[in-house]
Amino acid sequence: MTTGGRGRRVATSRLAGGAARLGLIVAVTALAGPLAGLAVIVARAAQLAIRRAADQRYEAELRGAAEDVLAALSTELDAGAAPDEALRTALYSVGDLPTRPGRRRRGAGHGHGQAGVTGQAAGGLDLARLRELLPGAEDPARLLARCEAPALRQLATAYRVCRLAGVRLAPVATMLADAARADAARADELASALAGPRSSGRLVAGLPLLGLALGALVGSSPVEVLLTGSAGRACLTTGVLLDLAGLRWLRRIADGVQARVPPVCAGPLPAGRRWGGSTSREYRRRLLADLPLALDLVAACLRSGATTQHALEVVGVATGGAAGSQLKAAGRAMRRGVPVDEACDRLLAAGGAPRPDAARAGTGRAGAARAVGRRGGDRRAAGRREGLRHDSSRHESGGPGRGPTRHSRRSWRADPHRTGRGSNRRRETRVVTATAAAIGRTESSGAKLAATLTRIGDRARQEAHAAAIAAARRAGVLAVAPLGLCFLPAFLLLGVVPVVIGSAPDLGPAFGPTTPPTHQG
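(A) Region of interest: the pattern of salt bridges. Counted by the stated rule, this structure contains 15 salt bridges. Between Arg 163 and Asp 84 there is a salt bridge whose closest N-O contact spans 3.8 Å. Here Asp 84 lies in helix 3 (residues 83-93) and Arg 163 lies in helix 6 (residues 150-165), a separation of 79 residues in the sequence. We classify Asp 84 as partly exposed; its relative accessible area is 26%. As a salt-bridge pair, Arg 461 and Asp 458 come within 3.3 Å of each other at their nearest N and O atoms. In this pair, Arg 461 and Asp 458 both sit in helix 22 (residues 450-478), three residues apart, roughly one turn of the helix. Within this structure, Glu 67, Asp 178 and Arg 181 form a network of salt bridges that share partners.

(B) Layout of empty space enclosed by the protein. For the structure shown, the criterion picks out one cavity of 30 Å³ or more. Approximately 40 Å³ is the volume attributed to the largest cavity. In terms of lining residues, the largest cavity is bounded by Leu 194, Pro 197, Arg 198, Leu 250, Ile 253, Ala 254 and Ala 475. Breaking the lining of the largest cavity down by element, the ones donating at least two residues are helix 7 (169-205) and helix 10 (230-259). Class assignment of the residues belonging to the lining of the largest cavity gives a composition of six nonpolar, no polar and one charged.

(C) Fine view of the packing of helix 6 against helix 7. Remark: helix 6 packs on helix 7, axes separated minimally by 10 Å, with the N-to-C direction vectors making an angle of 160°. Between helix 6 and helix 7, the angle is such that the two are roughly antiparallel. Relative to helix 7, helix 6 is oriented so that their crossing is right-handed. Between helix 6 and helix 7, the contacting residues are Ala 151, Gln 154, Leu 155, Ala 158, Tyr 159 and Cys 162 on the first element and Leu 169, Val 172, Leu 176 and Ala 180 on the second. Looking at the contact of helix 6 with helix 7, its residues break down into nine nonpolar, one polar and no charged.

(D) The environment of Leu 453, seen in detail. Structurally, the position occupied by Leu 453 is in helix 22. Among the residues examined, Leu 453 registers a relative accessible area of 1% and is labelled buried. Those residues within four positions of Leu 453 in sequence are excluded, and the remaining contacts are Leu 295, Val 298, Ala 299, Leu 302 and Thr 435.

(E) Spatial organisation of helix 3. For helix 3, the set of buried residues is Ala 86, Leu 87, Ala 90 and Leu 91. Projected down its long axis, helix 3 carries its buried residues within an arc of 130°, all on one side. In the core, the buried residues of helix 3 are packed alongside helix 2 (34-78), helix 4 (127-133), helix 5 (140-145) and helix 6.

(F) Focus on the nonpolar core. Residues Leu 127, Leu 152, Leu 155, Val 172 and Leu 287 are the most contacted members of the largest nonpolar core, which totals 83 residues. Residue contributions to this core peak at 13 residues, all from helix 11 (residues 281-303). Those residues in contact with Leu 127 that sit more than four places away from it in its chain are Leu 62, Ala 65, Ala 66, Leu 97, Pro 98, Cys 147, Ala 149 and Leu 152. Counting residues in each nonpolar core, the second largest holds ten residues, with Leu 190, Ile 253, Ala 468 and Ala 472 among its members.

Definitions and cut-offs
Residues numbered from 1 in each chain as written. Predicted model: local features only at pLDDT ≥ 70, side-chain atom pairs only at ≥ 80, totals over all residues. Heavy atoms only, no water. Salt bridge = Lys/Arg side-chain N within 4 Å of Asp/Glu carboxyl O. Helix = DSSP H or I, 4+ residues; strand = E, 2+ residues; numbered from the N terminus. Buried < 20%, exposed > 50% of the residue type's maximum accessible area, 1.4 Å probe, protein only. 1 Å grid on protein atoms, 1.4 Å probe; cavity = no way out; pocket = protein on both sides within 12 Å on 5 of 7 lines; lining within 4 Å. Points joined across faces, edges and corners; volume = space filled by probe spheres on them. Nonpolar A, V, L, I, M, F, W, Y, C, P; charged D, E, K, R; others polar. Axes fitted to C-alpha atoms, helices over the stretch in contact; angles between N-to-C directions. Parallel < 35°, antiparallel > 145°, perpendicular 65-115°, else oblique. Left-handed = near helix turned anticlockwise from the far one by under 90°. Contact = heavy atoms within 4.5 Å. Arc of directions from axis to C-beta. Core = buried A, V, L, I, M, F, W, Y, C linked by side-chain atoms within 4.5 Å.

Okay, here's the thing in structure tokens:
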């Protein structure tokens, strides 16, 4: 079964599971009342929260274990051990290998899955299963490519490159160990940046319990009010649902921040899925995720004496996926004698970089506009294509002294270079632009390429992490919305209104009915 078929089957299974849970809630509510249905919803939310926390702990342990394996592998290779034997020794040297909690071991009959936000492969092998299968494996790279740890999937790519190009694995393993250590530090920093909004949400969500405790201390019996009267039950149901909605909202904000982090190892493109061409957003995301490691491996091949064309082809074949196909195509085009700027055209287009002819005409967007203008296009169209509004703004405003028209204001808002998304796009495309420029300088002047590619890869990782940290800091501001729209009304409904209703008989007729006097016979 193809990966696309497995994806459709998983989606169908999730839809069926959601429908079954909804049917259970409706059935329990109809048979046992709304409080029982609410209890089912709360229990399901608690179960999901516990599972999510366990998965996060597992991912952190997996990163640490993979880092230890790579460090031990580097040490064994430096001591002169063979790569396969060094890998087995490194896996056995690590103590307790983490296993995914509450899940059966996966790995039989599964290949590459689609990398998720955290970079894990669907249907991959955990480290314990990898250690069991490795002694009888003919090709360790195949097992490593199916591992859940992204750092070890990168090691599988390095294995293939070293075999195809004759590169020593020891320095590459050292480089991967350093990269895994840096990735783990970045993940911890991002988790710390997101811990503030998450902790604040949990704290505010628990404030109604404090209100109920204080109400019980003053003798208003708020719990009895919530469980007995119709008004209390309505407050209980609405308040609990608002609390759960606020927690879900905060989780969506945090997931949105983590979605901005590129996967450590995207891997091959899943078969049977429509990607919308090599210029689609997902294709570009996968290319930019795998490109830093590919550049490091190209640099390793160059340091071992390989030519630029051969290094690009070998790394492209070993990497696979979006980055591998583009690098392989560029290397083969250069081998056929195609100029470097034309050989890198596909790589630039797939990475979302500006048109090569516009970039050659000059630096930046102004040079792109001049290139299009020299080809006969009018300057206004060139400015709109490249994000410039210098000439068109005067025309659209109706002449000097007039304000901008509706069309000019719409053009300003639609300009990707004046928005945050446009800034991220320029940051991402700078990697492929710098790569093509470095290859071109090497072919024209003989400049050393290995150090330049390593520097480009390091800068790409740092800029992606800086963008994720900035998004995490903005998440603290976005968390004000669920605070005011969900948690505050929930606190009033669960912690204030029951106390007022429970105290109304003692406060007078304005807050509730008073106890009628008794007449003695």
